[in-house]
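Listed here are the chains, written in short residue letters.
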Amino acid sequence: MNPFRLTLLLASSLILAACTLPNPYSSQPAPVKPSGPAPSKPSPQLPPPVVKPPVIEMPSTPPTPIEEVRSENLAYLVDGLANKLKASSAINEVQGPVLLDNISNQAGGPIDTNGLTARLQSNLRGKFNFADGAKVSSLREQLAYQGGRADIAALVRLGKQSGADYLLSTTLTRNGANLTLKGQLMELASGELLWSDSVSGR
């Protein structure tokens, strides 16, 4: 072979081999890993606190004043209840002293219940023998001093201590402008209710 041709062939082979190698001077930069810490994610923003408006309390509507009860209307109720009791057959069963409890005012207004109770007792005088008033008052004071309540059990105890055999209790209530006076007569020894009735009016 011609030495010149051999030289040319070797040179061509070297040039082709050099083209297949990576170019160290290429424009593509080599990948570089960052040496510092990874950037932290931003913390989520909290919503601003909700500020509630101040609560302004409006004054409540004043309660409707209770209509004053006329004394003649109350006297009418007391007389009516006494007449119903005197007309009942239960009055013939009463054979001993009767404790007359003060009228319980549940009508919601200032009412002279002591005067009404005295009127009721006056209406029934001659039909009933009432327990000694002074003794009953003394026992009532003791009951109040001991913190006793004016419930039916306390009244029964009061009646027995006063020497009474029967208890006559009354309650005044109101429904709108309508007033009701209810009474009941009970035998203390047995707890039997001998009579119960009511009268109503304005």
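Refer to the structure presented above.
Residues numbered from 1 in each chain as written. Predicted model: local features only at pLDDT ≥ 70, side-chain atom pairs only at ≥ 80, totals over all residues. Heavy atoms only, no water.

Caption draft 1: Spatial organisation of the pairing of strand β4 (residues 178-187). One ladder, built from ten bridges, connects strand β3 (residues 166-175) with β4; its direction is antiparallel. Paired with Thr171 across the strands is Lys182, a residue of β4. Taking the residues between adjacent antiparallel strands as the criterion, β3 and β4 are bridged by two residues, where Gly176 takes a positive phi near 70°. Pairing of β4 with strand β5 (residues 193-201), which is carried by eight bridges, proceeds in the antiparallel orientation. Across the sheet, residue Leu181 finds its bridge partner in β5, namely Val199. Counted along the chain from β4 to the antiparallel partner β5, the turn is five residues long, and its residue Gly191 has a positive phi close to 75°. (Pairing = 2+ DSSP bridges. Helix = DSSP H or I, 4+ residues; strand = E, 2+ residues; numbered from the N terminus.)

Caption draft 2: Structural detail: the side chain of Thr113. Structurally, the position occupied by Thr113 is in helix α3 (residues 113-124). Not counting residues up to four positions away in its chain, the partners in contact with Thr113 are Ile103 and Asn105. (Contact = heavy atoms within 4.5 Å.)

Caption draft 3: Representation of the pattern of salt bridges within the structure. Scanning the entire structure with this criterion turns up two salt bridges. Asp79 is paired through a salt bridge with Arg119; the nearest N and O atoms lie 2.8 Å apart. Taken together, the positions of Asp79 in helix α2 (residues 71-87) and Arg119 in helix α3 put the pair 40 residues apart, joining distant regions of the chain. The salt bridge involving Lys84 is made with Asp197; its shortest N-O contact spans 3.5 Å. Here Lys84 is found in helix α2, whereas its partner Asp197 is found in strand β5, with 113 residues between them in sequence. According to the relative accessible area criterion, Lys84 is partly exposed, its value standing at 35%. For Asp197, a relative accessible area of 28% translates into the label partly exposed. (Salt bridge = Lys/Arg side-chain N within 4 Å of Asp/Glu carboxyl O. Buried < 20%, exposed > 50% of the residue type's maximum accessible area, 1.4 Å probe, protein only.)

Caption draft 4: Expanded view of the environment of Thr173. Mapped onto the elements, Thr173 comes out in strand β3. Here the alpha-carbon distance between Thr173 and Ser104, two residues 69 residues apart in the chain, equals 8.7 Å. Not counting residues up to four positions away in its chain, the partners in contact with Thr173 are Gln106, Ala107, Asn178, Leu179 and Thr180.

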